[in-house]
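Each chain is listed here by its residues.
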Amino acid sequence: MALRLPKYEYINLDSGWSEGCDELGRWTYRHDLFPGGLKALSDYLKKNGHKLGLYMLPGVRKDAYEANTPIKGTNHRVRDIIRQRKDGNGFKDTTYMPDSLPEAAQAYYDSIADLYAEWGVSFVKLDGCGPGGGDQYYPYQAPDNRECLRMMTKAFHRHNIWVELSWYMDHTYVEDWARYANGARIFIDIESYSTKTMTSSHRVFQRISQAARWVDKGMIGSDYGFFLDLDVVLVGMVVKGKCVDGLDNDDVRMSYISFWALLSSVFCIGADPRMIPDKYLAMLNNPDILAIHQAGNMARPVGSGDVWQNRKQIWWKAMPDGRICVGLFNAHTYMFMLGVSHDFKLDLRDVGITSKRADAYDVWKGESIGTLEGEYGVRLRPGQCQILFLTPQIH
């Protein structure tokens, strides 16, 4: 991975890494998958400059409750901190919510964080968090486990472990999410759970509408240490020699990567990098796109960010060097097909450029497109984007 995706930092294990708890009720690894243990794995990853990440659920594991394991560093056991046996997360009957003896509950989570730190873990994804969860038709399937999340993130942050909250987090609680964690998933899984493909163009462009709900909330970006997570980037996923990402064409693939970069979203590759075709690796490693992403601030839309009301999406943000990055996206997609081409018109004043002239550079083409005089127009195919660097001319 260091050779194929040299700028990517974390390697995260999803839910299958653990199937039980240890003698202290803490999540532990599968010995059939990791016979040498996770410390050996994280040490190996560090040799290539990578960090290990793990997945877990809020609450106390059901098997730990049933075994009534002791809580490390205390005279209490797990059942002492759980009285009502309420679900601890959005996946029912997997964990219980601590509801008694908060100091003992904090000690339980501290013991998990200490163990993860011993293993060399640097990233934790907490799934089934709430208020949130569910889907666009049946939302809020996860319980309100904010107090549990507060204790867990307090424990992990003692070891400088990045904490990610998932899934479909409620944007009205952004102050809580930003206070507790480093990132939050803002919508349902991008995977389509098809037997043939991983996602679809439609599912990618759906994210634009969801992102727009967070724009004016503040507290997002490197200044706050909190970022949105649009979900995994599946561009170029290959299985048995066939690309199965489910995207209609390379226009959509560029839009996918570009929008994630404009929002400085948590950027996780969902494919084996050894199998990704070189042309898609070039997209994922594009230095200008990575610079847009690493700017660390969230773009905002010109006009409505709802793709159903506005198929001609324009998003922009300021770069650290003073340039303005603008993304124009033809979001005209449907569930099973692409829409039609659209003509775009950009007024420089709408992206913070008060001067009448700006030098324009096309990021994906890697070339200058000249000096713009007050406005800019372009025609984009359905699913296509154009990413521009605009340098205002100041006289």
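Residues numbered from 1 in each chain as written. Predicted model: local features only at pLDDT ≥ 70, side-chain atom pairs only at ≥ 80, totals over all residues. Heavy atoms only, no water.

Q: How would you sum up helix H6 (residues 201-212)? Please name residues and give values.
A: With 11 of 12 residues buried, H6 is to be regarded as a mostly interior element. Those residues of H6 not exposed but buried are Ser201, His202, Arg203, Val204, Phe205, Gln206, Arg207, Ile208, Ser209, Gln210 and Ala211. On the buried face of H6, the contacting elements are helix H7 (250-262), strand E16 (312-318) and strand E17 (324-330). (Buried < 20%, exposed > 50% of the residue type's maximum accessible area, 1.4 Å probe, protein only. Helix = DSSP H or I, 4+ residues; strand = E, 2+ residues; numbered from the N terminus. Contact = heavy atoms within 4.5 Å.)

Q: I'd like to hear about the nonpolar core, residue by residue, with values.
A: One finds Trp17, Tyr116 and Phe156 to be the most contacted residues of the largest nonpolar core, which totals 110 residues. The dominant element in this core, judged by the number of residues it contributes, is helix H3 (residues 102-119), at 10 residues. When near neighbours in sequence (up to four residues on either side) are disregarded, Tyr116 contacts Trp17, Trp27, Leu54, Met56, Val121, Val124, Phe156 and Ile161. Grouped together as the second largest cluster of nonpolar side chains are 18 residues, Val326, Ile353, Leu372 and Leu388 included. (Core = buried A, V, L, I, M, F, W, Y, C linked by side-chain atoms within 4.5 Å.)

Q: Help me get a handle on the side chain of Asp251, residues and values and all.
A: Looking at the secondary structure, you find Asp251 in helix H7. Ignoring sequence-local partners within four residues, the contact set of Asp251 consists of Arg381, Gly383 and Gln384.

Q: Break down unusual backbone geometry for me, with residues and values.
A: In this model, Gly130 is joined to Pro131 through a cis peptide bond whose omega is 10 degrees. Note that the residue after Ser166, namely Trp167, is joined by a cis bond; omega there is 0 degrees. Take Trp167: it is sitting in the loop between strand E10 (162-165) and helix H5 (174-180). Here the phi dihedral of Leu101 falls at roughly 50 degrees; this positive angle occurs in a residue that is not glycine. Positionally, Leu101 belongs in the loop between strand E6 (95-96) and H3. Given a relative accessible area of 33%, Leu101 falls into the partly exposed group. With a phi angle near 50 degrees, Tyr168 is a residue other than glycine that sits in the positive phi range.

Q: An account of empty space enclosed by the protein is requested, with residue identities and associated values reported.
A: Per the stated rule, a full pass over the model turns up 1 cavity of 30 Å³ or more. Approximately 40 Å³ is the volume attributed to the largest cavity. What lines the largest cavity is Val204, Phe205, Ile208, Ser255, Tyr256, Phe259, Trp260 and Phe329. For the lining of the largest cavity, the elements supplying multiple residues, two or more each, are H6 and H7. The dominant element in the lining of the largest cavity, judged by the number of residues it contributes, is H7, at 4 residues. A per-class count over the lining of the largest cavity returns 7 nonpolar, 1 polar and no charged. (1 Å grid on protein atoms, 1.4 Å probe; cavity = no way out; pocket = protein on both sides within 12 Å on 5 of 7 lines; lining within 4 Å. Points joined across faces, edges and corners; volume = space filled by probe spheres on them. Nonpolar A, V, L, I, M, F, W, Y, C, P; charged D, E, K, R; others polar.)

Q: Account for helix H9 (residues 287-294), naming residues and giving values.
A: For the α-helix, the turn length of 3.6 residues means that residues three or four positions removed from each other point alike. Here H9 has its buried residues at Ile289, Leu290, Ile292 and His293. All buried residues of H9 project into a common sector of 155 degrees when viewed along the axis, lining one side. Along H9, the residues that are exposed and aim more than 90 degrees away from the buried face are Pro287 and Gln294. In the core, the buried residues of H9 are packed alongside H7, helix H8 (278-284), E16, E17 and strand E22 (385-392). A side-chain oxygen of the first residue of H9 lies 2.9 Å from the backbone nitrogen of Asp288; this N-cap is Asn286. (Arc of directions from axis to C-beta. Polar contact = N/O pair within 3.5 Å; in protein donor to acceptor, adjacent residues only side chain to side chain.)

Q: Just give me the short version of the sheet that holds strand E4 (residues 51-56), but keep the residues and values in it.
A: Strand pairing in a sheet is mediated by backbone hydrogen bonds. Such pairs are either parallel or antiparallel. One open sheet holds the 6 strands; their spatial order is E1-E4-E7-E10-E11-E12, and the pairing between them is parallel. With one partner strand each, in any of the chains shown, strand E1 (10-12) and strand E12 (227-229) form the two edges of the open sheet. Sheet twist, expressed as the mean angle between neighbouring strand axes with direction ignored, is 25 degrees. Sheet analysis places strand E7 (residues 121-126) next to E10, joined by 4 bridges and oriented parallel. Across the sheet, the residue bridging to Val124 is Val163, located in E10. Most of the contacts of helix H1 (residues 38-47) go to E4, to which it runs at about 140 degrees, and overall it touches E1 and E4. Against the sheet, H3 engages E4 and E7, with an angle of about 150 degrees to E4. (Pairing = 2+ DSSP bridges. Axes fitted to C-alpha atoms, helices over the stretch in contact; angles between N-to-C directions.)

Q: Describe the environment of Arg85, naming the residues involved and giving the relevant values.
A: Note that Arg85 resides in the loop between helix H2 (62-67) and E6. Leaving out residues up to four positions away in the same chain, Arg85 has contacts with Tyr65, Tyr96 and Asp99.

Q: Tell me about the packing of aromatic side chains, and please be specific about residues and values.
A: Counting across every chain of the model gives 19 aromatic pairs. Centroid distance Phe123 to Trp162: 6.4 Å. Interplanar angle 5 degrees. Geometry classified as stacked. Of this pair, Phe123 sits in strand E7 while Trp162 sits in strand E10; the two residues are 39 residues apart in sequence, bridging distant segments of the chain. Overall, the relative accessible area of 7% leaves Phe123 in the buried class. Of the residues examined, Trp162 reaches a relative accessible area of 22% and is grouped as partly exposed. On the numbers, 5.6 Å between centres and 85 degrees between planes, the contact of Phe259 with Phe329 is edge-to-face. Note that Phe259 is positioned in helix H7 and Phe329 in strand E17, a separation of 70 residues in sequence. (Phe/Tyr/Trp six-rings, centres within 6.5 Å; stacked < 30°, edge-to-face > 60°.)

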